[in-house]
2 protein chains.
Amino acid sequence: MNVVNDSPRRKELTRVAAQLFVQEGFDRTTVRMLAQEMGIKSGSLFHHFRDKQEILCAVIEEGTQNALTIAKESLAQCENTPEARLHAMARAHLETLLTDRNAHVVALYEWRRLDEASREHLIHLRDAYEALWQSVIADALEAGLIRGDKFLVSRFVLGALNWTVRWYDPAGQRSPEELARELIAMMTAHGH
Amino acid sequence: MNVVNDSPRRKELTRVAAQLFVQEGFDRTTVRMLAQEMGIKSGSLFHHFRDKQEILCAVIEEGTQNALTIAKESLAQCENTPEARLHAMARAHLETLLTDRNAHVVALYEWRRLDEASREHLIHLRDAYEALWQSVIADALEAGLIRGDKFLVSRFVLGALNWTVRWYDPAGQRSPEELARELIAMMTAHGH
DNA sequence: CATTCACACTAGCGCTTGCTTGGTTACGAT
DNA sequence: ATCGTAACCAAGCAAGCGCTAGTGTGAATG
């Protein structure tokens, strides 16, 4: 039992775990399934991670960190208007959710499976991501682009986006970018 | 093993199961936990249900049926305008989700845990509920109250509503009715 | 008064789970 | 040539899992 925290091998294994967690859910994924998919035996798994819980923790950290990074990049590259910024956020969110199809989904859907210690360790990262969303939404509200309470709008928008995981078909013709555009159009369709 | 399908006792047990499934999730809920909460021994459980899967099936059927019934009642009682009907649906949805706090939540969040046979048995009921939503949304679109693609809008709206389970605080000051109103206001806020 | 029935109990089987142990291999640095 | 270390394996343990078998009730039914 000789857990290393930042080996490149560990990153690799984390990616595999993320995929399985999305496919089966955390509880139904056994360490034997994880090991098999990783091409090692189940005992070897505990050389890289202290326990199963730590694998979940690593996946969620990866997923949230990734979403935060990509969101910031998107904001840096887009036009500096409230609408463009809102669109950039929604698009980035959907792409990490639907295209990667792994770590970010786990971060959203398996959060409850974290124990108290892991939750405490990750909550700051999650808060940072949500704060970014809220600032973008606050700007859009101030500019009169959309309406409502800052927190409520954030939660409704994120809810609509997060739920796409349940019905989105990657083989379908709609791209994440298109979905983001449609959602914003729905909220900003002002009278004629 | 003498499973009865429509006993009143079974209804009672189903209610208890729903609460536990919401609290812990289906996978983490053991038959021993269920039995204890029901005030019987784990072996006795299988007099009422063939297996654990059948308990989930009963809960989800109950939750969806209930949501459908209440939605229809709400529609029958409200004004016959697209906006009032939309509001009635959203309110009914949130109330079965946040006030009951059990069977309907399980229906939404544990659907994936159903085996093929159960899913096939329940899919028609679920389709009926979603069809009702889509007809109300189609009317609102036709009346120009909201904008977008019928299916996309349905999914975004239901996503926003379903996600409330994750953050709603029943001890807070906002009622389901208020949430429903705010969501619709967000989508129908036409410019000045 | 005998039988049936719904409902509950005790006891435990067969299996899977997360995790541990003690030891082996591959390989770059010394 | 030797050593250190990261990576892996075979084997298995203790606990917990869903579920079954067989039995005991007290109330309703004939």
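Before reading on, note that the structure itself is shown above.
This structure is a prediction, so every number in the text was calculated from the model and none was measured. (Residues numbered from 1 in each chain as written. Chains lettered and ligands numbered in written order. Predicted model: local features only at pLDDT ≥ 70, side-chain atom pairs only at ≥ 80, totals over all residues. Heavy atoms only, no water.)

1. With respect to the packing of aromatic side chains
Right, on to step 1. Enumeration according to the criterion identifies six aromatic pairs over all chains in this entry.
Right, on to step 2. Centre to centre, the rings of Phe156 of chain A and Trp167 of chain B are 6.4 Å apart; their planes meet at 70°, and the pair counts as edge-to-face. Of this pair, Phe156 of chain A sits in helix α8 (residues 150-167) while Trp167 of chain B sits in helix α8 (residues 150-167), placing the two residues on different chains. Exposure class is identical for Phe156 of chain A and Trp167 of chain B. Each is buried.
Right, on to step 3. Seen from their ring centres, Phe21 of chain B and Phe26 of chain B are 5.2 Å apart, and the 75° between their planes marks the pair as edge-to-face. Each member of the pair Phe21 of chain B and Phe26 of chain B is classed as buried. (Phe/Tyr/Trp six-rings, centres within 6.5 Å; stacked < 30°, edge-to-face > 60°. Helix = DSSP H or I, 4+ residues; strand = E, 2+ residues; numbered from the N terminus. Buried < 20%, exposed > 50% of the residue type's maximum accessible area, 1.4 Å probe, protein only.)

2. Describing the protein's contact with DNA strand C
Right, on to step 1. In the vicinity of DNA strand C lie 17 residues, with Thr30, Val31 and Lys52 of chain A together with Lys41 and His48 of chain B positioned nearest.
Right, on to step 2. Backbone sugar and phosphate groups make up 57% of those atoms of DNA strand C lying within 4 Å of the protein.
Right, on to step 3. Secondary structure elements with two or more residues in the surface near DNA strand C: α2 (31-38) of chain A together with α3 (45-48) of chain B.
Right, on to step 4. In terms of residue class, the surface near DNA strand C is made up of three nonpolar, eight polar and six charged. (Near = heavy atom within 4 Å. Nonpolar A, V, L, I, M, F, W, Y, C, P; charged D, E, K, R; others polar.)

None of the figures reported here should be taken as evidence of function without further support.
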